[in-house]
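A structural walkthrough
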Amino acid sequence: MSKYKIAWLPGDGVGVEVLEASKIVLDKINLDAEYIHGDIGWEFWCKEGDAFPERTIDLLKNVNAAMFGAITSKPVKAANTELVPELQNKGLIYRSPIVRMRQLFNLYICLRPCKAYEGNPLNYYGRNDIDLVVFRENTEGMYSGVEFNPVPEGLAEFLKANSKPFAAFKDVPLDQYAISCKINTRKGSEKIIRAAFEFAQKFNRKKVTVVHKANVVRATDGLFLETAKEVKKDFPDIQMDDANIDAITMWLLKNPKNYDVLVAPNLFGDIISDLCAQMVGGLGFGCSGNIGEKLAVFEPTHGSAPKYAGQYKVNPIATILSAKMMLDWLGETEMGNKVEKATADVIKEGKFRTYDMGGSNTTLEVAKAIADKI
Ligand code: IPM
Ligand code: MG
C-alpha cells in the first residue's frame, strides 16, 4: 500500500495540462503515493447539473491531500442552456466548485507564497529579492454565499427598520437592487491570523501585515483588525502592522521589501494574491494551497484559461510549486526542497521557457526539464 492517497482533480482547460506536468515532477521525486482521479468541472455541470459531484466529495474525505487544476467559471448572467435537457429549468444555481470545496472541507487557509526566482525575466522591475507570503481567509467574508437578488420583502423591512444608511434605498423596488452579505466570524478571523503568525514564527519572518478596510467596513473588517491585535499579543517577537486594501496595492508596488507575511479577509486576499503573483512573474508563478485541519488542496491560481486549452503552452511552474507545497504539507520537506531547487535552477538557466517567459517550450518540456534536475 502506498504511503499517501492523493486526489487528482484536473478540472477544465489548461488545468488538465498543468496537472499532467506536475505529475512528471512528482513521479521523478518518487513520492510514495496513489493518485486517484476525481471528476470536477464544467463538463459535469453540463452533464449532471453539478460541477462538484458527490462522488468527488466522498473521494476528498478519504485522501491525505489533493492536487487541483482549474475550473471554467460559468459566466455571471448565462442561462442554464449548457445543461442536458432534463436538467434545464430546474432552477439549479451554479456555484464555483472551488469555493464550495473550501467551505465544505473548511480549508480556511489560502496560502500563497510569492517569491521571485533569480533569472526570471518576468520579475517586477527585474527585482529578484521579493519574497512575500499571503495568508488569505478562505471560507468567509464576501465569499460567504449569502446573497439576494431580488431582495426578499422581510429582509428589506428589517434593513429599513434597523439601518440608517439604508433609508436611501427605501423606495427602490425589491427587484432593483441586490444584497451580498460579507460575514466574518471572530473564530474564522482568529484562525487565519494565528496561522499567519505561526508561519512567521516558524520560518523566521519578521512581520505580519493585516490588510483590511476597517475605516469604512467597520463591522467585519473592524472585527478582523481587532482580532489581529489580540492574536499579536501571543507573538511578542513578530512585528505587526496593518494597511487599508487600497493603500497597500500602491505600497506593495512601491516598497515590496517593507512587507513580509500578509494576512487578509477573503476578497482582499484574493486581490492581493494576484498583485503579489504579478510581481514575481504573473499567474504562471502563482502557486497556492487551500489548507484545513485534515485536508489540503493545492492548485495554481491561474484558472482554466479556455483560450489556451489543448495547446500545452501555459507555464507549469505555478502547479509544480503547488506540488512542492503539497510535499511540504505532507511533511516531505526534503522532497519539497528538491522540487523547488530544480525549479529555481531551470528558471535561472533560462534554457526551457514557456511563451510567457519569452520562450517557445511546451508545458511538458518545462516540466521534464525540471524533473531532469531532480
Ligand atoms: C482564486 C480564484 C477563485 C477565487 C475563483 C476561480 C473562484 O480567483 O483562487 O483566487 O475567487 O477564489
Ligand atoms: Mg483569485
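To start, this report covers the structure provided alongside it. Because the structure is predicted, anything quoted here is derived from the model rather than measured.

**With respect to the site of ligand 1**
What surrounds ligand 1 is the set Ser96, Val99, Arg102, Arg112, Arg136, Tyr143 and Asp270. Contacts to ligand 1 include Arg136, whose side-chain N or O atom sits 2.8 Å from an oxygen atom. Look at ligand 1: alone it shows 320 Å² of surface, and the protein chains cover 73% of it. In terms of residue class, the shell around ligand 1 is built from two nonpolar, one polar and four charged.

**Regarding the sheet that holds strand S8 (residues 207–212)**
The strand order S2-S1-S3-S12-S11-S4-S5-S10-S8-S9 describes an open sheet built from 10 strands, whose pairing is mixed. Each edge of the open sheet is held by one strand with a lone partner, namely strand S2 (33–37) and strand S9 (239–244). Put simply, the sheet's adjacent strands are angled 20° from each other on average, direction ignored. Where strand S5 (residues 131–137) lies against strand S10 (residues 261–264), four bridges are found, and the strand directions are parallel.

**A closer look at unusual backbone geometry**
Asn149 connects to Pro150 through a cis peptide bond whose omega is 5°. Position of Pro150 relative to the elements: it lies in the loop between strand S6 (147–148) and helix H5 (153–162). In this model, Tyr125 sits at a positive phi of 50°, which is unusual for a non-glycine residue. Within the secondary structure, Tyr125 is located in the loop between strand S4 (109–115) and S5. Its identity as a non-glycine residue notwithstanding, Asn204 has a phi of 55°, on the positive side. Position of Asn204 relative to the elements: it lies in the loop between helix H6 (186–202) and S8. Assessed through its relative accessible area of 68%, Asn204 is described here as exposed.

**Topic: the pattern of salt bridges**
What the rule picks out here adds up to 27 salt bridges. Salt-bridge contacts for Asp50 lead to Arg100; the nearest nitrogen and oxygen are separated by 3.0 Å. With a gap of 50 residues between them, Asp50 in the loop between helix H2 (42–48) and helix H3 (54–61) and Arg100 in helix H4 (residues 97–104) connect regions that are remote in the sequence. Assessed through its relative accessible area of 22%, Arg100 is described here as partly exposed. The salt bridge involving Arg102 is made with Glu299; its shortest N-O contact spans 2.9 Å. In this pair, Arg102 is assigned in helix H4 and Glu299 in strand S12 (residues 296–300), connecting sequence segments 197 residues apart. Residue class for Arg102 comes out buried when judged on its relative accessible area of 6%. Each of Lys115, Lys324, Asp328 and Glu340 takes part in one network of salt bridges that share partners.

Calculation rules
- Residues numbered from 1 in each chain as written.
- Chains lettered and ligands numbered in written order.
- Predicted model: local features only at pLDDT ≥ 70, side-chain atom pairs only at ≥ 80, totals over all residues.
- Heavy atoms only, no water.
- Near = heavy atom within 4 Å.
- Polar contact = N/O pair within 3.5 Å; in protein donor to acceptor, adjacent residues only side chain to side chain.
- Areas by Shrake-Rupley, 256 points an atom, 1.4 Å probe, with all protein chains shown as cover.
- Nonpolar A, V, L, I, M, F, W, Y, C, P; charged D, E, K, R; others polar.
- Pairing = 2+ DSSP bridges.
- Helix = DSSP H or I, 4+ residues; strand = E, 2+ residues; numbered from the N terminus.
- Axes fitted to C-alpha atoms, helices over the stretch in contact; angles between N-to-C directions.
- Buried < 20%, exposed > 50% of the residue type's maximum accessible area, 1.4 Å probe, protein only.
- Salt bridge = Lys/Arg side-chain N within 4 Å of Asp/Glu carboxyl O.

The quantities given are spatial measurements derived from coordinates; they are silent on function.
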